[in-house]
Amino acid sequence: MQSRTEPGPAVGRLRLLLGHLKPNSTGTGLTAVSTSAQIYAANPPDKFCYTLDNDVLSPEQRLFYEENGFLLVKNLVSHEDLDRFRKEFERLCKKEVKVPGLVIAKDITVVKSEYVAEESAVNKIQDFMDDEELFRYCRLPQILKLVACFTGPNIMAMHTMLINKPPDSGKMTSRHPLHQDLHYFPFRPANQIVCAWTAMEHIDRNNGCLVVLPGTHKGSLKKHAYPAWEGGVNKMYHGIQDYDPSLPRVHLVMEKGDTVFFHPLLVHGSGMNRTEGFRKAISCHYASSDCNYIDVGGTSQENIASEIKQIVEKRYGEDVTVSFKDVWKFRSRLVQGQRINL
Ligand SMILES: CCCCCCCCCC(=O)SCCNC(=O)CCNC(=O)[C@H](O)C(C)(C)COP(=O)(O)OP(=O)(O)OC[C@H]1O[C@@H](n2cnc3c(N)ncnc32)[C@H](O)[C@@H]1OP(=O)(O)O
Ligand SMILES: Nc1ncnc2c1ncn2[C@@H]1O[C@H](COP(=O)(O)OP(=O)(O)OP(=O)(O)O)[C@@H](O)[C@H]1O
Ligand SMILES: O=C(O)CCC(=O)C(=O)O
Ligand SMILES: [Fe+2]
Ligand SMILES: [Mg+2]
């Protein structure tokens, strides 16, 4: 298991070497003068905490993730694939296809009004692991190649979502409060978990882009609860209660196909959608199958565990007893390598 320590000498040396990088016109904005192989040969990366050793990430990408807890990769998923995912999403909303286990979540303001209008009522779909078309996203080779830099070669798709952030109702319920995804996960270690989140269209502050607090992946899991928002909060949208508002925030402006990979302790959220369109993104949380389930009893995760348990019992009947761990075991799917613990 990797330990999480302050960046060691190797990272320091790499940072020095990165002084020799020059700006380019693509990707993260830097081009390595030396190849990553040359740099790593001279500087064995023994003290990296959040990324594994291979030649997939460039040195600057690797260092960026180590320090910031996220990595934006431009133009990773084709428009053709994204258009196919959008079509399948529409078919699911119209109930033209039914997929077992799939959850269609609506915005709280829509649920509380009489207004029901198929796709325009849908906030997100969750658990599309048994929808072959959407699950192709989780198996895309270009995504898995990058995921393996964080998880290693044995990869489980743990959680799937297609988010359809609706135009805000005026009550600001389209916001997603600042949170850490690890709050929802009863497995560890955190460093072998990563989210891939792909913009299905241009996303900026107007339609509610992702907002991240760089470097917060180096901290611990914080206590989460419903924010005290006047207009209401969507079910299970827990937020961090005492986040430091002075921490720098980065708004991730993304084009269709751009993908951000981020650590499950990275504090993030998304703003309200001020446009008339439904802002779409598709995502999957991956974990190394070497991870282990943990008992969240007595921890800050107890509140979400019992909420999820209640929802499952409501859906399948009170006589069905499933643990928080079972919920995850049941939905996760192997996408590369061997299934070990999860
Ligand atoms: C499961 C683990 C999640 C893992 C997340 C990984 C990290 C990502 C971090 C997040 O994304 S946090 C947000 C996670 N969001 C979800 O997991 C979506 C949760 N939503 C659902 O599972 C369903 O939408 C829900 C069970 C809440 C409702 O689905 P139903 O098909 O049962 O809806 P229905 O319209 O029948 O309403 C049932 C009840 O739920 C209420 N409801 C529905 N949508 C709601 C909503 N959006 N907010 C609040 N309450 C809601 C609705 O008012 C009604 O209440 P009453 O029983 O009191 O009448
Ligand atoms: N009280 C709160 N608790 C937790 N998260 C919050 C709270 N208020 C706002 N947020 C979240 O903080 C994040 C950053 O908000 P910020 O105002 O910087 O940008 P934004 O709301 O995304 O964009 P804009 O202000 O341009 O609409 C968003 O995800 C928002 O949902
Ligand atoms: O607004 C989004 O698309 C991101 C939501 C999010 O962070 C999540 O569901 O975990
Ligand atoms: Fe999240
Ligand atoms: Mg704001």
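Residues numbered from 1 in each chain as written. Chains lettered and ligands numbered in written order. Predicted model: local features only at pLDDT ≥ 70, side-chain atom pairs only at ≥ 80, totals over all residues. Heavy atoms only, no water.

A. Focus on the site of ligand 3. All residues in the neighbourhood of ligand 3 are listed as Lys124, Met161, Ile163, His176, His179, Asp181, Trp197, Leu210, His268, Ser270 and Arg279. Taking Asp181, its side chain carries an N or O atom lying 3.2 Å from an oxygen atom of ligand 3. The separation between an oxygen atom of ligand 3 and a polar side-chain atom of His268 is 3.0 Å. With the chains in place, 94% of the 290 Å² that ligand 3 exposes on its own is no longer accessible. When residues of the shell around ligand 3 are traced back to their parent elements, those giving at least two are strand E6 (155-165), strand E7 (176-179) and strand E15 (268-270). (Near = heavy atom within 4 Å. Polar contact = N/O pair within 3.5 Å; in protein donor to acceptor, adjacent residues only side chain to side chain. Areas by Shrake-Rupley, 256 points an atom, 1.4 Å probe, with all protein chains shown as cover. Helix = DSSP H or I, 4+ residues; strand = E, 2+ residues; numbered from the N terminus.)

B. Representation of the site of ligand 1. Around ligand 1, the surrounding shell holds 25 residues, and the nearest of these are Lys106, Lys124, Gln126, Lys235 and Lys314. Between ligand 1 and the protein, one listed contact pairs an oxygen atom with a side-chain N or O atom of Lys314 at 2.7 Å. Contact with the protein chains hides 72% of the accessible area of ligand 1, taken as 1,100 Å² for the molecule alone. Counting only elements with at least two residues in the shell around ligand 1, the list comes to strand E4 (103-106), helix H5 (108-111), strand E5 (122-126), E6, helix H8 (302-316) and helix H9 (324-331).

C. Spatial organisation of the sheet that holds strand E10 (residues 210-212). Strand order across the open sheet formed by four strands is E7-E15-E10-E13, with antiparallel pairing between neighbours. Two strands bound the open sheet, and with one partner strand each, they are E7 and strand E13 (250-252). Ignoring which end each strand starts from, the neighbouring axes of this sheet average 20 degrees apart. One ladder, built from three bridges, connects E10 with E13; its direction is antiparallel. Within E13, the residue paired with Val211 across the bridge is His251. (Pairing = 2+ DSSP bridges. Axes fitted to C-alpha atoms, helices over the stretch in contact; angles between N-to-C directions.)

D. Representation of the confidence of the model for the chain. Considering every residue of the chain, the mean pLDDT works out to 86; 83% of them sit at 70 or more. The low-confidence segment residues 1-9 (pLDDT under 50) makes 19 contacts with residues lying over four places distant or belonging to another chain. (pLDDT = per-residue confidence, 0-100. Contact = heavy atoms within 4.5 Å.)

E. Summary view of helix H7 (residues 141-151). Burial analysis of H7 places eight of its eleven residues in the buried class, which makes it a mostly covered element. Those residues of H7 that sit buried are Ile143, Leu144, Leu146, Val147, Ala148, Cys149, Phe150 and Thr151. Just past H7, the residue Gly152 takes up positive phi, approximately 90 degrees. (Buried < 20%, exposed > 50% of the residue type's maximum accessible area, 1.4 Å probe, protein only.)

F. Representation of the layout of surface pockets. Empty space within the second largest pocket amounts to approximately 540 Å³. The wall of the second largest pocket is formed by 23 residues, among which Arg175, Leu178, Tyr243, Ser270 and Gly271 lie closest to the centre. Mapped by element, the contributors of at least two residues to the lining of the second largest pocket are E7, strand E12 (239-240) and E15. Per-element accounting of the lining of the second largest pocket gives the leading share, three residues, to E7. Class assignment of the residues belonging to the lining of the second largest pocket gives a composition of eleven nonpolar, eight polar and four charged. (1 Å grid on protein atoms, 1.4 Å probe; cavity = no way out; pocket = protein on both sides within 12 Å on 5 of 7 lines; lining within 4 Å. Points joined across faces, edges and corners; volume = space filled by probe spheres on them. Nonpolar A, V, L, I, M, F, W, Y, C, P; charged D, E, K, R; others polar.)

G. Focus on the side chain of Glu313. With respect to the helices and strands, Glu313 occurs in helix H8. Those residues in contact with Glu313 that lie beyond four places of it in its chain are Glu318 and Val320.

H. Structural detail: the packing of helix H4 (residues 79-93) against helix H6 (residues 132-139). For the pair H4 and H6, the least separation of the axes is 9 Å and the interaxial angle reads 140 degrees. Our pair here, H4 against H6, has a crossing hand that is left-handed. Only Glu133, Leu134, Arg136 and Tyr137 of H6 make contact with H4, whose side of the interface consists of Asp81, Arg84, Phe85, Glu88 and Leu92. Counted by class, the contact of H4 with H6 contains four nonpolar, no polar and five charged residues. (Left-handed = near helix turned anticlockwise from the far one by under 90°.)

I. Representation of the coordination of the iron ion (ligand 4). For the iron ion (ligand 4), the full set of protein donor atoms is His179 (NE2), Asp181 (OD) and His268 (NE2), at a range of 2.1 to 2.2 Å. One chain supplies every donor to the iron ion (ligand 4), and in sequence these donors are spaced H-x1-D-x86-H. For the residue pair His179 and Asp181, the accessibility class agrees, reading buried in each case. (Donors = N, O, S within 2.8 Å, 3.2 Å for Na, K, Ca; no water.)

J. Region of interest: the nonpolar core. Counting 42 residues, the largest nonpolar core has Tyr137, Ile143, Phe261, Ile282 and Tyr286 as its most contacted members. Where this core is concerned, the elements lending two or more residues are strand E3 (70-73), H4, E5, H6, H7, E6, strand E9 (193-199) and strand E16 (279-288). For this core, the two domains that each supply at least three residues are domain 1 (9-68) and domain 2 (79-336). In terms of nonpolar packing, the next biggest core, distinct from the first, is built from 21 residues, Phe185, Ala190, Ile308 and Phe324 among them. (Core = buried A, V, L, I, M, F, W, Y, C linked by side-chain atoms within 4.5 Å. Domains from an automatic or database assignment.)

K. Focus on the environment of Leu144. Along the chain, the position of Leu144 falls in helix H7. Look at Leu144 and you get buried, because its relative accessible area is 7%. Along the backbone, Leu144 and Gln336 are 192 residues apart, and their C-alpha atoms lie at a distance of 8.0 Å.

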